[in-house]
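# Results of the structural survey
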Amino acid sequence: MYDLLIRNGTIYDGTGETPYVGDIAVTNGQIVSVSTNIAAEAKEVIDAAGRIVTPAWVDIHTHYDGQVTWDSEMNPSASHGVGTIVMGNCGVGFAPVHANGVHADGVQDLIDLMEGVEDIPGSALHEGMPWGAWQTYPEYLDYLATREYALDISSLVAHGAVRNYVMGERGRTNQAATEGDLEAMAQIVEEALSAGAVGFSTSRILGHRSIQGEPVPGTFANDAEVMIIAQALKRANKGVFQIIPASTLGPGRPEMEEHSALEAEVDLIARVSQSSGRPATFTLFQVDAWAGKWREVINQVKQANQQGAQVFPQVGSRPTGLVFSLATYHPWMLRPTYLALKHLPLAERKLALSDPGTKAQILSETNNIEGVPMGSMEFGIAHIQSDFEQLFELTSTSTYEPTNQESFAAKARASNQSAEALLFDHLIQPELDLPMAILFFTNYSEYNLDAVREMQLDDATVTGLSDAGAHVSLIFDAVNPTYQLTYWGRDRSRGETIPLPYLIHRATQKNAQLFGFNDRGVLQAGKRADINIINFEALKLTKLDLLDDLPAGGTRLMQGASGYDATIINGVITRRFDQDTGARPGRLVRS
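Reading the values: the criteria
- Residues numbered from 1 in each chain as written.
- Predicted model: local features only at pLDDT ≥ 70, side-chain atom pairs only at ≥ 80, totals over all residues.
- Heavy atoms only, no water.
- Helix = DSSP H or I, 4+ residues; strand = E, 2+ residues; numbered from the N terminus.
- Rg over C-alpha atoms; globule rule 2.2 N^0.38 Å.
- Buried < 20%, exposed > 50% of the residue type's maximum accessible area, 1.4 Å probe, protein only.
- Areas by Shrake-Rupley, 256 points an atom, 1.4 Å probe, with all protein chains shown as cover.
- Lys, Arg positive; Asp, Glu negative; His and termini not counted.
- Charge placed at Lys NZ, Arg CZ, Asp CG, Glu CD.
- Pairing = 2+ DSSP bridges.
- Right-handed = clockwise from strand over helix to strand, strands pointing away.
- Axes fitted to C-alpha atoms, helices over the stretch in contact; angles between N-to-C directions.
- Parallel < 35°, antiparallel > 145°, perpendicular 65-115°, else oblique.
- Left-handed = near helix turned anticlockwise from the far one by under 90°.
- Contact = heavy atoms within 4.5 Å.
- Nonpolar A, V, L, I, M, F, W, Y, C, P; charged D, E, K, R; others polar.
- Core = buried A, V, L, I, M, F, W, Y, C linked by side-chain atoms within 4.5 Å.
- Polar contact = N/O pair within 3.5 Å; in protein donor to acceptor, adjacent residues only side chain to side chain.
- Salt bridge = Lys/Arg side-chain N within 4 Å of Asp/Glu carboxyl O.

As a further point, take the overall build of the chain. A tally of helices and strands in the chain yields 19 helices and 25 strands. Relative to a compact globule of 591 residues, whose C-alpha radius of gyration would be 25 Å, the chain shows 24 Å and is just as compact. Seen through its principal axes, the chain has C-alpha atoms that stretch 75 × 60 × 45 Å. Of all 591 residues assigned to the chain, the portion counted as buried reaches 61%. Entry remark: accessible area of the chain is about 21400 Å², with carbon and sulfur atoms responsible for 48%. The centroid of the 43 positive side-chain charges in the chain is displaced by 4 Å from the centroid of its 71 negative side-chain charges.

Written out as structure tokens, the structure is:
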């Protein structure tokens, strides 16, 4: 007798092949049979007629490094059918750490990095995490191995944490590493990989800064430092090299020019892969400063891969955007008149802001930055030069592919107001609970998603960049696994869609193969029973909301999904009809 039998589902097995109607039998957490008609009995039977059956998604770019220590449900990812996550991206993480203050306050150093780079409230990290439960990276993994989750977790060892641990203030201020520093860092990385880290991450983009405004440790690492990490990967014969290259978002701006051209960064990444014999992945966007350069980069990668590299540009599913609202971030949050009203409940604040004189005063003021950390999102958003041509209203049903006529700039041209004034009026609307707007800054140079589709269809790339667990009040791309299916697989009207078998392959087997998760990602006998049963016709994103559910009362944007009939992890049903069952079969995955 099987533990679980899924009958009559339309099976998309993760390989990209043509779907077919069949049954899947599960025992002891493994798929034991996939066939068109399985006659045996099972302890539990799910009739999946009229549903698609897929592997659970593999999300390779998340930032759950803190949340995994206090949470077991693992939302937002769990509610979007994700079965395995990779965290520790972008060079920020929480191990190793000098918990007893060997280099000043080691704990605070890492919190400052995560809060500045990934917009995770420092208070939540302080109160939510069991500081002192580990110091070394192997100890961090051992701690995580004691915990149970609704999905599987895995972790990259982060350059920022390693540099901070070895070099202290010299590392945080990006001074050059000595030979002794390099040897120590390489040893830590090799030990982390041997203990089960699934790779190493680093960031070289100037926009990634600690809450104090300092570029993250490793931003300016020289070739010697990068290549000694490559040798650690080679010796361990494990792991993926993950990087946010300099110039990812363009060449920079005056007084903040990037320190290395994107072409040079891709060359460095290719050399790391060739030297280490390990795969590498890096973030790739379309940006307005050079709207077609992403094609040049992909061609450069293909040439490097022909010469022995294993480099995979990691691309997203939609534009990346910053969300504005009165309850989170907006351009006037540091204006003196607004600050005097900030304490009011939202409804009263809206009413006060609706006064024409108050509005005019706020729009004419400059920011009061006293006491505001330079690396905070609050400081950054208040000083951002908003491109109103790329700023749009945001609702729970937004497609992320608006026309240029829907921008605030276009609306301003058709009215007698400035775009800034129109945005102000939008965010204070009394009839809406929490009006929002979104400022796109990647992947929307031509006011359509044709470039994203082209990136997705290129087999040289992989799909990622959900940033789940990060940017909790500013970006909510953790919904991407569901958005990919609904928009790219079904709903897009402003251009061609993407074949569903191919979308599912990229979200499952292809990502699993990149990280060596060879026991999952496909629906085949002998593989892990990580499975989604989806009402594809009814699948949709639900209400976009702001929740106060982080430790210390921290807030985060959340948008769930409706249409996941079941998510099964390691053979156990963790979600049924979009509700958490309470089951926690997920564990730490080691390399």
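Let's shift gears to the sheet that holds strand β11 (residues 240-244). Across the sheet, which stays open at both edges, the 6 strands sit in the order β9-β10-β11-β14-β15-β19 with parallel pairing between neighbours. For this open sheet the edge positions go to β9 (157-158) and β19 (462-463), each flanked by a neighbour on one side alone. Examined bridge by bridge, β11 and strand β14 (residues 280-283) share 3 bridges and lie parallel to one another. Looking at the pairing, Gln 242 lines up with Thr 281 of β14.

Covered by surrounding structure in β14 are Ala 280 and Phe 282 together with Thr 281 and Thr 283, the residues of both alternating faces. Across 4 bridges, β14 lies against strand β15 (residues 311-315) in parallel orientation. The partner of Thr 281 across the bridge, within β15, is Phe 312. Taking the sense of rotation as the criterion, the β-α-β connection linking β14, helix α9 (residues 293-306) and β15 turns out right-handed.

In this section: the packing of helix α4 (residues 159-167) against helix α6 (residues 179-195). The interhelical angle for the contact between α4 and α6, taken along N-to-C directions, is 130 degrees, at an axis separation of 10 Å. On the basis of their axis angle, the class for α4 and α6 is oblique. As α4 runs across α6, the sense of the crossing is right-handed. In contact with His 159, Val 162, Arg 163, Tyr 165, Val 166 and Met 167 of α4, α6 contributes Asp 181, Ala 184, Met 185, Ile 188 and Val 189. Looking at the contact of α4 with α6, its residues break down into 8 nonpolar, 1 polar and 2 charged.

This part takes up α4. Burial analysis of α4 places 9 of its 9 residues in the buried class, the great majority of the element. Here α4 has its buried residues at His 159, Gly 160, Ala 161, Val 162, Arg 163, Asn 164, Tyr 165, Val 166 and Met 167. Along its buried surface, α4 packs onto α1 (106-118), β9, α5 (169-172), α6, β10 (199-203) and α7 (223-236). Where α4 terminates, the next one or two residues include Gly 168, which has phi positive at roughly 60 degrees.

Take the environment of Leu 485 next. Assignment of secondary structure puts Leu 485 in helix α17 (residues 480-491). When the C-alpha atoms of Leu 485 and Ala 184 are compared, they prove to be 45 Å apart, with 301 residues separating the residues in sequence.

Across the 9 residues of helix α15 (residues 419-427), 7 count as buried, placing the element largely inside the fold. Restricting attention to buried positions, one finds in α15 the residues Ala 419, Ala 421, Leu 422, Leu 423, Phe 424, His 426 and Leu 427.

Grouped together as the largest cluster of nonpolar side chains are 120 residues, with contacts concentrated most on Val 68, Tyr 140, Ile 153, Phe 282 and Leu 485. Element by element, the count of residues in this core is highest for α6, at 8 residues. Residues Met 333, Ile 381, Phe 408 and Ala 409 belong to the second largest nonpolar core, which totals 32 residues.

Assignment of secondary structure puts Gln 314 in strand β15. The buried category is assigned to Gln 314, whose relative accessible area is 1%. A distance of 3.1 Å separates a polar atom in the side chain of Gln 314 from a polar atom in the side chain of Thr 281. Within the structure, the side chain of Gln 314 is placed 3.2 Å from the backbone nitrogen of Leu 465, a separation counted as a polar contact. In this view, Gln 314 contacts Ile 60, His 61, Thr 281, Phe 282, Thr 283, Leu 284, Val 462, Thr 463, Gly 464 and Leu 465; residues no more than four positions away in its chain are not counted.

Our focus in this paragraph is the sheet that holds strand β6 (residues 57-59). Sheet architecture is open: 3 strands sit in the order β6-β7-β8, paired in parallel fashion. This sheet does not close on itself; its edge strands, each paired only once, are β6 and β8 (152-155). Within the sheet, the average angular offset between the axes of one strand and its neighbour, ignoring direction, is 15 degrees. As defined by bridge partners, β6 adjoins strand β7 (residues 82-87) across 3 bridges and the pair is classed as parallel. Along β7, the bridge assignment pairs Trp 57 with Val 82. Each of β7 and β8 touches helix α3 (residues 137-144); the most contacted strand, β8, lies at about 175 degrees to it.

The next point concerns unusual backbone geometry. A cis amide bond links Asn 75 with the next residue in sequence, Pro 76, at an omega value of 15 degrees. By the secondary structure assignment, Pro 76 is in the loop between β6 and β7. For His 471, which is not glycine, the phi torsion reads 45 degrees and is therefore positive. Here His 471 lies in the loop between β19 and α17. For Asn 570, which is not a glycine, the phi torsion comes out positive at approximately 55 degrees. Inspection of the secondary structure assignment puts Asn 570 in the loop between β23 (564-569) and β24 (572-576). For Asn 570, a relative accessible area of 28% translates into the label partly exposed.

With that out of the way, let us pick up the pattern of salt bridges. Going through the model one piece at a time under the given rule, you end up with 34 salt bridges. Among the ionic pairs, Glu 401 bridges to Arg 492, the shortest N-O distance being 2.7 Å. Residue Glu 401 is found in the loop between β17 (391-394) and α14 (408-413), and its partner Arg 492 is found in the loop between α17 and α18 (500-507); the two are separated by 91 residues along the sequence. The exposure classification of Glu 401 matches that of Arg 492, with both residues buried. The structure contains a network of salt bridges with shared partners spanning Asp 152, Asp 519, Arg 520, Arg 528 and Asp 530.

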